[in-house]
Each structure stands twice: as C-alpha cells, then as structure tokens.
Amino acid sequence: MRIGVIAHLKHPIREPFAGGLEMHTHLLATSLRDRGHDVTVFASTRSEPELGLEAICDETSLDAVGLAEATDVAFFREHHAYLRLMNDLRHRAFDLIHNNALHYLPVAMADALPMPMVTTLHTPPFCWLESGVRVARGGNNSFVGVSESIRTAWTPVTPVDAVILNGIDLARFAFAPEPETPAYLVWYGRIVPEKGLHFALDAARRVGMPIRFAGPALDRDYFDTEIAPRMGSDAVYLGHLDHADLSRVIRGATAFLCTPCWEEPYGLVVAEALACGVPVAAFARGAIPEILTPACGVLAVPDDVASLADGARRAVTLSRQACRTRAETLCDANRMIDRYEAHYRSRLDQHAKAARSHRGFAIMPRPVPLAGHSGHAKSLGGEEQYPVPADPRGMARPVEARVFD
C-alpha cells in the first residue's frame, strides 16, 4: 500500500524520543516499511530521513524558545503546515492516510481527501481536537483508540471503530531474568507535571531504595521547583537516553514506578518495563489497569505516596518471567501492525464499495489527469480509473468508477 503518515510537529520523530507518541509514530512507519509498504511520514524537519520523511514544518516547541508570544507562533506554524499538507494530499497518490497527529485540521479536513483516513486517538478529548472530530461527519475518517479507556472517553464525541493497543519492539527491550545489585527502582518518561515524577521520588525514599530516573526535562519550572530539590545520592537523574541506554537502565531495576497525574491513554513505559522483566507499581489511572495484572504489577491509589510505596514493596516480589510473558502477549509491535494492516484493508474495501454504490462518484487515488491527457490510473485492489473527461468549461467532472476483476 501507499501510506501517508501524519505526525505531530512539537518534536522530531527520531531518537532520543521526546515521548511515547514520537516512538509510536517511528515504530509504525518503520514496521510498515519493513513489510513492503511505501510509506511517507509528514513530520518536522529534524525527524529521521530514513522514515520516508517529507518535512512540513520546523519543530514548533524548539522554534518557540525565546519568542515572547511562543504559544501563538507555534499555533500558527502548525495550523498553516497542516493546512498546506491537507490541501496537497488531495492531489497525491496515496491509497490511505494514517493520521497520528493531535491537531484538529487533519481530522476536520479528512472528508476532502480522495483516499480514506485512519486517525489514531492518543489522548482523551480536548477542545481543539474534539472540535475537529465533531466536524468530520462525512464518513471518510475511521477512528482507532489505543485503549478501552480512550474508547470510553471518546464515545460521547464519536464512535471509535477499533481498539488497537500500542506495541513495542520486544527485541529492543531485552528480558533480564535478574536485576542488578545493588538494587534500585527506576522511573522514566517526559519530566512534566502530568507524569508525576515527584511522587516516584517521594515513594522511593519512603521505601528506602535508591531510584534512577531519565527523560527529557520539558518543563523547566517543574524540574527546578519539584525535582531538583528531591535529587541526591539516592535519586539520580540520568538525562535523556536513547533506546539502547534506556533499556539497559530499565532491565537492571528491581521495579518500575509509574505515576501518571492524568488519565494515561496507554502507557508505553509500562509495556517497555514489562518486556525487560521489571514489575510495575503504578497509579491506577487511564489504561494502566488494562495492561497490568496481579502477576506483573501492583495498582496504587492515584496521588498517594504511601500507597505507591506499598505497591513498590509488593512489586519487587513478583515474577520477572511473568512480566515478560505479559509483554509478549499484549504489547508486541508485530501484533499491533497486523491489526493496523487488517484495519487498512477493511477501510479500503469500504471506500471502494461506497464509490461503486454512488453513481457520479469516482475514487481518485492518484491526481486527476489534465483534460486531454491519456492513460489509466491503477489503484489498490484491481480498481482502474479512466481519465476524467472535461466539461465544456475545461473543468474535470465526476464519472462512475469502472471496476475490472
């Protein structure tokens, strides 16, 4: 298939990843390419070229640094980048567009595209994205949730057609049957208030175990006021690590502390810890209870340091093999890509059937030929489109799609 993947523009799609969404987009694109699909990733300029990158904007979070009105500047840069992209896609030769962004414009303009779109919902509803989803009523967009928690959150706004759990590359997070000595706890992720690192540091100190933590410090005020004062010989910041270094730190840990202060949409960090064989103690928020079982994790009362500390004490006693088995069963990237491919085929079949059922409507997966040009355009599934005749004003007019088996 010819697949266009729309990424978000806050951070580059490359290692070291700013967060789970960047990692998911990278894994989705590389896995699809490995399976023989022709993939183009529409992302920010510093993203990895090997993804099939077509850069549409500079990273808005990086370019906003030092600007007095950074929020407004970033908003307009993203707005115009996505607006140009969606208008351009109307004339591009893709079979399907996978929207992995959090912006409202790709969703709102999906019905203007000649090819179907699949949008993965990575967050609970928020005002801008919700407004775009509510506009998308033409049936050209299909919504996939990354968890049942996300499906439940979005159902009042729009039907969610499928739930496809995020996957990870299990080979990159190798299983360690034993932790390192001396024992330590681990936390990693974006260092921002909603990830709750300060709870993990307090809980580790209450347990009496050292903790190592890693990730990009994206909120400087939060880091300076809540994290730096809690650091010490028993609470060490390792910086922003790439996958190889990060996996080594994770698999050496006795347990992983997961401390979301919002309804976590999925929790790739939990999947990665389990893959390494590391038990998890986590606040019971969002999709975390969908991933953990009593064999591999302990759920704690949200925002409760004492409950998290008790969970950590219990987690260190759990079977590391059970953790790895849970990851292999639930979190394998191959399983995720299998399900996305099946969903793509289903959407393409629905799109083709809808075209055949409406006279005067043609699927144009390739740019409409100019009047007077000859030749056929062939699309996925054996559908062949004749050039579109021009009306007396020289403008292309719709014709019925003709299908040859």
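That block above? That's the structure.
Conventions adopted
Residues numbered from 1 in each chain as written. Predicted model: local features only at pLDDT ≥ 70, side-chain atom pairs only at ≥ 80, totals over all residues. Heavy atoms only, no water. Helix = DSSP H or I, 4+ residues; strand = E, 2+ residues; numbered from the N terminus. Contact = heavy atoms within 4.5 Å. Areas by Shrake-Rupley, 256 points an atom, 1.4 Å probe, with all protein chains shown as cover. Phe/Tyr/Trp six-rings, centres within 6.5 Å; stacked < 30°, edge-to-face > 60°. Buried < 20%, exposed > 50% of the residue type's maximum accessible area, 1.4 Å probe, protein only. Axes fitted to C-alpha atoms, helices over the stretch in contact; angles between N-to-C directions. Parallel < 35°, antiparallel > 145°, perpendicular 65-115°, else oblique. Left-handed = near helix turned anticlockwise from the far one by under 90°. Nonpolar A, V, L, I, M, F, W, Y, C, P; charged D, E, K, R; others polar. Polar contact = N/O pair within 3.5 Å; in protein donor to acceptor, adjacent residues only side chain to side chain. Core = buried A, V, L, I, M, F, W, Y, C linked by side-chain atoms within 4.5 Å.

### Description of the overall build of the chain
Step number 1: From N to C terminus, the chain includes 14 helices and 16 strands.
Step number 2: Pairs at least 24 apart in sequence give 66% of the contacts found in the chain among residues at least 6 apart.
Step number 3: With the model as given, the accessible surface of the chain reaches about 17100 Å², and the carbon-plus-sulfur share is 53%.

### Some points on the packing of aromatic side chains
Step number 1: Within this structure, the stated rule accounts for seven aromatic pairs.
Step number 2: Considering the side-chain rings of F199 and F283, the 5.4 Å spacing of their centres and the 80° angle between planes classify their relative orientation as edge-to-face. Here F199 is found in helix α7 (residues 197–207), whereas its partner F283 is found in strand β12 (residues 280–283), with 84 residues between them in sequence. Of the two residues, F199 and F283, both sit in the buried class.
Step number 3: Through successive ring pairs, a cluster of aromatic residues spans F213, F223 and Y237.

### What to know about the packing of helix α10 (residues 268–275) against helix α13 (residues 320–330)
Step number 1: Contact geometry of α10 with α13 gives a least axis separation of 7 Å together with a crossing angle of 125°. Considering their axes alone, α10 and α13 lie oblique with respect to each other. Of the two possible hands of crossing, α10 and α13 adopt the one that is left-handed. Contacts from A271, L274 and A275 in α10 reach C323, R324, R326 and A327 in α13.
Step number 2: Its residues assigned to classes, the contact of α10 with α13 comprises five nonpolar, no polar and two charged.

### Comments concerning the side chain of H198
Step number 1: Its location among the elements puts H198 in helix α7.
Step number 2: Separated by 2.7 Å, the side chains of H198 and Y222 make a polar contact.
Step number 3: In contact with H198, not counting residues within four places along its chain, are Y222, E226, I227 and R230.

### Quick look at the packing of helix α1 (residues 20–34) against helix α14 (residues 333–357)
Step number 1: Contact pair α1 / α14: the axes reach a minimum separation of 11 Å and the direction vectors enclose 70°. Here α14 runs roughly perpendicular to α1, going by the angle between their axes. Facing α1, whose interface residues are H24, L27, L28, S31 and L32, α14 presents A333, M336, I337, Y340, E341 and Y344.
Step number 2: Class assignment for the residues of the contact of α1 with α14 results in eight nonpolar, two polar and one charged.

### Here's the deal with the nonpolar core
Step number 1: I168, F256, V270, L274, V280 and Y344 are the most contacted members of the largest nonpolar core, which has 70 residues in total.
Step number 2: Aside from chain neighbours lying at most four places away, what touches V280 is F256, C258, V270, A273, L274, L292, C296, G297, V298 and A315.
Step number 3: Counting residues in each nonpolar core, the second largest holds 28 residues, with F213, A235, A300 and A312 among its members.

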